[in-house]
Amino acid sequence: MAVLKVKFTKTKRDKLAQILWILNWVSVVSGIILFSLGLFLKIEIKKRNEVMAKGDVNSVPNMLISVGVIACIINFLGGKICYDCSDANKFSRWKLVMLPYIVCTFCFTFCILVGALMCYTMRNELEESLYLGLRDAIKFYKDTDIPGRCFLKKTVDMLQIRFQCCGNNGFRDWFEIQWVSARYLNMASKEVLDRLKSNVDGKFLVDGVPFSCCNPSSPRPCIQYQLTNNSAHYNYDFLTEELNIWVKGCREALLDYYTAIMRSVGIAALLIWLFELSVLIGVRYLQTAMKNVLLLGDLEGESDGWLLENSFVETAKYNISIIKNLGKANQISTVLGMNNPNIDVQNTNCGKTNVTTKSIPAA
């Protein structure tokens, strides 16, 4: 029994073809939107590429870009097909193409859904990439004279100012690394030498942060050094007083920023998926209705259209049987009693045969 069968008159078929022609052109625009969203997300990720570890964070924008390009091509072709379907004579040219077209469009529509869902599932990969990338960027913050790393100080400073954050997980991350270049250390100072000797690795560690961690909205001058020393500053208690530096870590700030972008992109992709799915359903109805009107032979009469010719279970069993039998066309079965057209063909017997011969009359 057909699934969701609908009866179409000649007028309804023509209107459906015209509406689908318009919707396919709208779908071309939606494909451009998908491409633009993927490109925007890729550019935003590339902007912070220096503070991200190499990973699979570009999979979502790459997929959106690819799906957007395919959407433009498929929907452009769909518009042409739907426009010709208003004429039964022109439909005959596309009769064999429409079913493969619908199958390909269904797979493409499924890819849009996957891309939309990936926008909500890549948070963990992005968080790990940011954690590793920021850790290395902060580690090499002081290396302003080394090629390949000299830009990291500016990158980290601009990042902390732009996103109002400090460190990887928080401002205390700066306490664990030497972020002041050795060229700016006074080696004649006893305090500097004591700090270098007190560290096992010979690093100059201080309980201070770079200037980019300072909050310009603070009512008091920025306290960059001796952040945990209450006696070093007047009327200061680092445990109870709100610090005049950014408290949030840059990993959390960037993760919130990208999560908000991907949530918006995911919602837009889901809406486009629903729209593409509705267009695909309409094309399926048009294809079955036009196919049936050609079988009936009455181009002006009514015809039935459906989503599936048989029930879901029967359709699933039929497709599974096709998949199971793939590759078996050239195999010869050796099972006794099994009818195989490659076996049961009568061949010419070239051996001895019992031929009845006529007796030669004696002379």
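Here the structure is a predicted model, which is why all the values come from computation and not from measurement.

Engineer: Can you walk me through the confidence of the model for the chain in this structure?
Structural biologist: Parts of the model with low pLDDT should not have their predicted coordinates read in detail. Model confidence for the chain is summarised by a mean pLDDT of 80, while 83% of its residues fall at 70 or above. By mean pLDDT, the top-scoring element of the chain is helix α5 (residues 152-163) (93), and the lowest-scoring one is helix α8 (residues 312-324) (68). Taken as a whole, residues 332-363 scores under 50 in pLDDT and shows 9 contacts with residues more than four places along the chain or in a different chain.

Engineer: Hey, could you run me through the nonpolar core in this one?
Structural biologist: Buried together is how nonpolar side chains tend to be arranged in soluble globular proteins. Counting 79 residues, the largest nonpolar core has L126, W174, V209, L227, L254, V283 and L286 as its most contacted members. When near neighbours in sequence (up to four residues on either side) are disregarded, W174 contacts I138, Y141, V156, Q160, C166, G167, W179, V206, G208, V209, P210 and C213.

Engineer: What exactly am I supposed to notice about the state of the cysteines here?
Structural biologist: Here a disulfide denotes one covalent bond, and it connects the sulfur atoms of two cysteines. Under the counting rule described, the total for this entry stands at 3 disulfides. Two residues share a disulfide in this structure: C165 and C250, whose sulfurs sit 2.1 Å from each other. Judged by the sign of its S-S torsion, about 85°, the cystine formed by C165 and C250 is right-handed. One end of the pair, C165, is in the loop between α5 and α6 (190-198); the other, C250, is in helix α7 (residues 250-296), with 85 residues separating them in the sequence. On the basis of relative accessible area, C250 is assigned to the buried category, the value being 2%. Across a sulfur-sulfur distance of 2.1 Å, C166 and C213 are joined as a disulfide pair. The sign of the S-S torsion, about 85°, decides the handedness of the disulfide formed by C166 and C213: right-handed. Placement of the pair is C166 in the loop between α5 and α6 and C213 in the loop between α6 and α7, with a sequence separation of 47 residues.

Engineer: Looking at this structure, how should I read the packing of aromatic side chains?
Structural biologist: Geometry of an aromatic ring pair is reported as the spacing of the ring centres plus the angle between the planes. Evaluated as defined, the whole model comprises 9 aromatic pairs. Judged by centre distance (5.0 Å) and plane angle (70°), the rings of Y141 and W174 are edge-to-face. A residue pair is termed long-range when its members are at least 10 positions apart, and Y141 in the loop between α4 (123-139) and α5 and W174 in the loop between α5 and α6 qualify at 33 residues. Overall, W174 belongs to the buried group, its relative accessible area being 0%. Taking 5.2 Å as the distance between ring centres and 75° as the angle between the ring planes, the aromatic pair formed by F163 and Y257 counts as edge-to-face. Of this pair, F163 sits in helix α5 while Y257 sits in helix α7; the two residues are 94 residues apart in sequence, bridging distant segments of the chain. In textbook terms, an aromatic cluster arises when at least three aromatic residues are bridged by ring pairs, as seen for Y141, W174, W179 and Y225. Against the face of F140 rests R149, its NZ or CZ located 3.8 Å from the ring centre. Here the basic side chain of R162 rests over the ring of F163, its NZ or CZ set 4.6 Å away from the ring centre.

The rules we used
- Residues numbered from 1 in each chain as written.
- Predicted model: local features only at pLDDT ≥ 70, side-chain atom pairs only at ≥ 80, totals over all residues.
- Heavy atoms only, no water.
- pLDDT = per-residue confidence, 0-100.
- Helix = DSSP H or I, 4+ residues; strand = E, 2+ residues; numbered from the N terminus.
- Contact = heavy atoms within 4.5 Å.
- Core = buried A, V, L, I, M, F, W, Y, C linked by side-chain atoms within 4.5 Å.
- Buried < 20%, exposed > 50% of the residue type's maximum accessible area, 1.4 Å probe, protein only.
- Disulfide = S-S within 2.5 Å.
- Phe/Tyr/Trp six-rings, centres within 6.5 Å; stacked < 30°, edge-to-face > 60°.
- Lys NZ or Arg CZ within 6 Å of the ring centre and 35° of its normal.

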